[in-house]
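Report on the structure
Here is how the chains run, residue by residue.
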Amino acid sequence: MNRDQLQKFIQYLITAHHTEVLPTAQKLADEILSSNSEINQVNGAPDPTAGASIDDENCWHLDEEQVKEQVKLFLSQGGYYGSGKQLNSMFAKVREMLRMRDSNGARMLTLITEQFMADPRLTLWRQQGTSMTDKCRQLWDELGALWVCIILNPHCKLEEKSCWLQQLQKWSDLDICPLEDGNYGHELPNITNALPQNASHSPDSLSRPRRTVFTRAIEGRELHWQDSHLQRIISSDIYTAPACQQESERLLFNSQGQPLWLEHVPTACARVDALRSHGYPKEALRLTVAIINTLRLQQQRQLEIYKHQKKELLQRGTTTITNLEGWVGHPLDPIGCLFLTLTEACRLNDDGYLEVSDMNESRPPVYQHVPVATGCPNSHESYLSLALEVALMGMGQQRVMPEGLYAQDKVCRNEEQLLSRLQELQLDDELVQTLQKQCILLLEGGPFSGLGEVIHRESVPMHTFAKYLFSALLPHDPDLSYKLALRAMRLPVLENSTSTGDSSHPHHMVSVVPSRYPRWFTLGHLESQQCELASTMLTAAKGDTLRLRTILEAIQKHIHSSSLIFKLAQDAFKIATPTDSSTDSTLLNVALELGLQVMRMTLSTLNWRRREMVRWLVTCATEVGVRALVSILQSWYTLFTPTEATSIVAATAVSHTTILRLSLDYPQREELASCARTLALQCAMKDPQSCALSALTLCEKDHIAFEAAYQIAIDAATGGMTHAQLFTIARYMELRGYPLRAFKLASLAMSHLNLAYNQDTHPAINDVLWACALSHSLGKNELAALIPLVVKSVHCATVLSDILRRCTVTAPGLAGIPGRRSSGKLMSTDKAPLRQLLDATINAYINTTHSRLTHISPRHYGEFIEFLSKARETFLLPQDGHLQFAQFIDNLKQIYKGKKKLMLLVRERFG
């Protein structure tokens, strides 16, 4: 800095920390101005920014108290207020320190871990037997992975390593230490043991060792870097097989002479992560290439094994071969580690230079091909194509679904992370070739590939992965992309092909035997991914009849959830009927077929979306055309309930909207109407209670059909029909101009009714009043026929008095039935048929009065007096009514003389 800059620098520094620095600054200023001070005896001044000398250990200042306080605070916020992000950035800081080979990296991680172990929630979760939150689980995973990195540091001192291991063991032994798989159940095998390919299912959980988040790091004590072959791999790009190989060396190289590293894959990848994390990117890259060459060789050998077993396996249709330890969702994320190591070597910065950085920025990275540094002259590979290849190999690995919600959820999450990174790659010719080659190998890989012909029943499904492959391959190799996506549609755990000799797992069952089959907690998510894959294929195959037919068959064979098939039907319908262009009839037919399948699946099961599904199907059939509508009307009984068939399906099919939408001519309209009438009569026969009215409505325009529907209603009226259903049909008949038929149905309805003395707000009262008005309007005979039914069914005094009043206001027989004349005279309550009604009304008042008086409280006295006033109006209708009422009141005073206050009120009002 020049003089002005230095002055500015000092002034700003002092201002920023004036309380702490000002006394020191003044002291230094005095010393500088004093000619004989100690400062002025020394040439130059210390430079705090110069860093250590080349031999010094790299060690920046670490504010331990601040680290502890921050971690404690972030943990106490439980993942809220962005605390998870803050803790992740602290982990990133540790990684950065490791990459700078700063010895404080391990110290900082120790401080963080101490605070994690002191989290009071750990004890709580353990006591309650609840699992920790997902965000928290992910932080613990990263903590475990970082410790693996530190233990695997290729240049760490032995005493340091043993110190860390002691500390890790202490934490691991504590009861509250979180377990590796997040749910005190199934454990993965130990870090240093690769699994035999055909290992039988793991023994039950009692015999499994307890594995915590630190177990993998502790197992790292077995791993060292002294192996001479390993040292040669990581120290040279041009290390190849010697010309004269000894027998023991033959396994160390492939046929091209490239070195292999035959170690349990996640362990080998943990070494790569350790090299990369400790600032050895070139070494990490060299080991990665050796691991990929080993994986390729393994893939080739597995292909050869499968070719020998193919016939037998295809006949059996099932396999016991699987990997119990999947690489995707693994605690050490081996595939993600290799992918990042390779892509970082190919990453461009804004100026077009290759950059070395973490991949945490939000901006999508830009990559270019960088040739693989190798001692083999014929190799033309790039690190980018290797990255794609290893990601495809890892995600395509056939592996068994792990146990426990967290482990299963992690499989999905890890797969999504890898796919989002793959989507950042711009696929050029070289990458497309890699993609094609790997897809062919995955399809031919038999039980070793998740996309092979025969897979284990408990295999992790490939839908999400296949959806990516399908979309990426489609523009370049459509045949291969469809073959692959169709192969991936299966979900064996839900299909009938149970393992041979195992009949304890019927179709659609999620497992019950924990040691044999885990429970699939993420099944809902996996099924929705299967549906997404099918939807992607349907969209792409628009206009291609043959492909659409094949996709439809795959959906019908493999998807077992009605709501998902319905979603696919809706998707297909939307794609087939765009607003801006013509309809795709083949895809529309696929939508209809899927819709019909949903109808059959949900016909006998309760489904809250059923009405929506039925309405949608009719819309879809309408779009397909009149033949489709006729077809669903004719085969209604396999698709709909009688109520749905009459009230929704047939009613919509013959509606004015449908006729206009399809521009139907007269013969077509007649055909639809005729089908609807046939359906209506069949439904009315099957379920008259629910369908008789709809059937009458649908048959209105055809006399013979209408008569048949009416007869069905009459026949059913004496059986299981309710008074409400019968009154509704009766009112409909009156509305249609059939008053006598309405009267007949109303009489039948009345005989089904029973109104108690206190039911003066019953919903049927309006129906009773309407029925009485109808019979009155028809004439004296009809009224005389109905009144005995009313008297028998209605015991509510106020309702009976209302009927009585209405019947005396106008003369009967005013409906003007042809061939009948009304006398025009009002009816007397002293003569039949009203005398019977009058007597019943008075009796109802007497009975109701006694009923009310048995349980009356003083606050209801006023209301009771009003009730007696209404009763008096009815009592006074006949000649001797006033005597009868007086007698009634005297009786009350006698019987209820104990209720003095009430009887006083009765005397005041009625004497």
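Residues numbered from 1 in each chain as written. Predicted model: local features only at pLDDT ≥ 70, side-chain atom pairs only at ≥ 80, totals over all residues. Heavy atoms only, no water.

1. Re the overall build of the protein chain
In terms of helices and strands, the protein chain carries 39 helices and two strands. When burial is assessed residue by residue, the protein chain has 49% of its 911 residues classed as buried. Of the roughly 45,700 Å² of accessible surface on the protein chain, 53% is carried by carbon and sulfur atoms. (Helix = DSSP H or I, 4+ residues; strand = E, 2+ residues; numbered from the N terminus. Buried < 20%, exposed > 50% of the residue type's maximum accessible area, 1.4 Å probe, protein only. Areas by Shrake-Rupley, 256 points an atom, 1.4 Å probe, with all protein chains shown as cover.)

2. A few points about the packing of aromatic side chains
Under the defined criterion, the tally for this structure stands at 16 aromatic pairs. Geometrically, the ring pair formed by W171 and F214 is tilted, given 5.7 Å between the ring centres and 40 degrees between the ring planes. Linking W171 in helix α9 (residues 158–173) with F214 in the loop between α9 and α10 (215–219), this pair joins segments that are 43 residues apart in sequence. When its relative accessible area of 0% is taken as the criterion, F214 is described as buried. With a centroid separation of 5.5 Å and 70 degrees between ring planes, the pair formed by Y239 and F253 is classed as edge-to-face. Pair noted here: Y239 is in the loop between α11 (228–235) and α12 (265–277) and F253 is in the loop between α11 and α12, with a separation of 14 residues, a long-range link. A single burial state applies to Y239 and to F253, both of which are buried. Here the aromatic residues F91, F116, W140, W147, W171 and F214 are joined through ring pairs into a cluster of three or more. The ring of Y406 has R137 lying over it, and the distance from NZ or CZ to the ring centre is 4.6 Å. Directly above the ring of F867 sits R852, whose terminal nitrogen or CZ lies 4.8 Å from the centroid. (Phe/Tyr/Trp six-rings, centres within 6.5 Å; stacked < 30°, edge-to-face > 60°. Lys NZ or Arg CZ within 6 Å of the ring centre and 35° of its normal.)

3. What to know about the confidence of the model for the protein chain
Here the protein chain shows a mean pLDDT of 87. Residues at 70 or above account for 90%. Least confident of the elements in the protein chain is helix α3 (residues 38–41), whose mean pLDDT is 78; most confident is helix α18 (residues 463–473), at 98. Low confidence marks residues 184–206, where pLDDT is under 50. Its contacts with residues over four positions away, or in another chain, come to 55 contacts. Taken together, the stretch residues 497–517 has pLDDT below 50 and engages in 35 contacts with residues farther than four places along the chain or on a different chain. (pLDDT = per-residue confidence, 0-100. Contact = heavy atoms within 4.5 Å.)

4. Re the packing of helix α21 (residues 545–558) against helix α23 (residues 585–602)
For the pair α21 and α23, the least separation of the axes is 10 Å and the interaxial angle reads 15 degrees. The angle between α21 and α23 falls in the class roughly parallel. Pair α21 / α23 crosses with right-handed handedness. Between α21 and α23, the residues in contact are T545, L548, R549, L552, I555 and Q556 and T586, L587, V590, E593, L594 and Q597, respectively. (Axes fitted to C-alpha atoms, helices over the stretch in contact; angles between N-to-C directions. Parallel < 35°, antiparallel > 145°, perpendicular 65-115°, else oblique. Left-handed = near helix turned anticlockwise from the far one by under 90°.)

5. Quick look at the nonpolar core
Judged by nonpolar contacts, the single largest core of 247 residues is most densely connected at I112, F116, W140, W147, F214, L422 and F640. Ranked by residue count, the leading element in this core is helix α15 (residues 383–395), at ten residues. Setting aside anything within four residues of it in sequence, one finds W147 in contact with A106, L109, T110, T113, W164, L168, W171, F214 and A217. Counting ten residues, the second-largest nonpolar core is a separate cluster that includes V411, V493, L494 and L526. (Core = buried A, V, L, I, M, F, W, Y, C linked by side-chain atoms within 4.5 Å.)

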